[in-house]
Amino acid sequence: MSGKLAIQGNKYSVLLPTYNERDNLPIITRLLTKTFEEFDIDYEIIIIDDASPDGTLEVAKKLQEIYGEDRIVLRPRAGKLGLGTAYVHGIKNAKGNFIIIMDADMSHHPKNIPDFIRKQNEKDYDIVTGSRYINGGGVYGWDLRRKLISRGANLLADLLLNPGVTDLTGSFRLYKRHILEQIIEATVSKGYVFQMEMMVRAKQFNFTVGEVPITFVDRVFGESKLGAGEIIGYLNGLYMLFVSV
Ligand SMILES: Nc1nc2c(ncn2[C@@H]2O[C@H](COP(=O)(O)OP(=O)(O)OP(=O)(O)O)[C@@H](O)[C@H]2O)c(=O)[nH]1
Ligand SMILES: [Mg+2]
């Protein structure tokens, strides 16, 4: 399979937002570079660190020394400003005509990226989204509570907004760069609801969306942040979209 995905002129910019990912960052970076090299794909990895107290940025600088400045791009910010604006900040100066968004905590595996690219090539999709909820996808390491919350969040959003995508809250996605810029521009929510709104906007704009199965693995290092506040925030955001879109 190696080498077959390279299309002349295509470049993939991976946006990796990080907050306290010191232990995960070297592993995900190695797996990313390995995957891209194996398939002879042009890439850059853009790390957007929000002044993580655990020293993630220092680790990122070391990685930049190892892999080179054309492969590892650092776009740090002075404080924890949240995921939505981290993507906006990361896209500025991104060199790729495609953008891949994924978590840096090893919940998303770089080995799936060739599937995203292959899928995109199939029908020249504007967006390809990773789904835990189609055949071949799944979730590992979550307890029943977390599974139910994720399923519930997806079912509810699907019922109210019907964007036609099976995994709305996931954040492992490939976008044409100009499409992502347009969607982010239109997206107003913050927090967990942000990923879901992006798919609702995509439908609104009639962008084409392909899906590939992914297995999501719960983080091993670092701390989870899903609490009651996030759930309430999600429900609020969903309601706002329901009445406004
Ligand atoms: N730059 C930046 N990155 C963030 C921020 N919040 C989270 N991240 C990163 O965004 C990605 C997803 O966040 P997670 O904390 O893993 O969120 P989650 O996957 O919903 O929840 P858990 O994995 O259970 O903690 C990870 O790579 C985080 O390090 C932020 O405010 N700024
Ligand atoms: Mg995570």
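Residues numbered from 1 in each chain as written. Chains lettered and ligands numbered in written order. Predicted model: local features only at pLDDT ≥ 70, side-chain atom pairs only at ≥ 80, totals over all residues.

- The protein chain has the name Dolichol-phosphate mannosyltransferase subunit 1 in an unreviewed UniProt entry, where Smittium mucronatum is given as its organism.
- UniProt annotates the protein chain under Subunit (unreviewed entry) with the comment "Component of the dolichol-phosphate mannose (DPM) synthase complex."
- Quoted verbatim from the Subcellular location (unreviewed entry) field of the UniProt record, the comment on the protein chain reads "Endoplasmic reticulum". (UniProt positions renumbered as here; feature names shortened; annotations may be inferred.)

### Remarks on the site of ligand 1
Move 1: Near ligand 1, the surroundings consist of 19 residues, among which Pro17, Tyr19, Asp50, Ala104 and Ser224 are the closest.
Move 2: Of the residues assigned to the shell around ligand 1, the class counts are seven nonpolar, four polar and eight charged. (Near = placed C-beta within 6 Å. Nonpolar A, V, L, I, M, F, W, Y, C, P; charged D, E, K, R; others polar.)

### A few points about the sheet that holds strand E7 (residues 173-176)
Move 1: Reading across the sheet, the seven strands line up as E3-E2-E1-E4-E7-E5-E8 and stay open at both edges, with mixed pairing between neighbours. Edge strands, defined here as strands with exactly one partner in the open sheet, are strand E3 (72-74) and strand E8 (209-213). With direction set aside, neighbouring strand axes in the sheet form an average angle of 20°.
Move 2: As paired elements, strand E1 (residues 11-18) and strand E2 (residues 42-49) share eight bridges and run parallel to each other. Note on E2: the bridge partner recorded for Val14 is Ile45.
Move 3: Its contacts with the sheet put helix H2 (residues 56-67) on E1, E2 and E3, and the angle it makes with E3 is roughly 145°.
Move 4: The strands touched by helix H6 (residues 177-186) are strand E4 (98-101), strand E5 (127-131) and E7; relative to E7, the strand with the most contacts, the crossing angle is about 100°. (Pairing = 2+ DSSP bridges. Helix = DSSP H or I, 4+ residues; strand = E, 2+ residues; numbered from the N terminus. Axes fitted to C-alpha atoms, helices over the stretch in contact; angles between N-to-C directions. Contact = placed C-beta atoms within 7 Å.)

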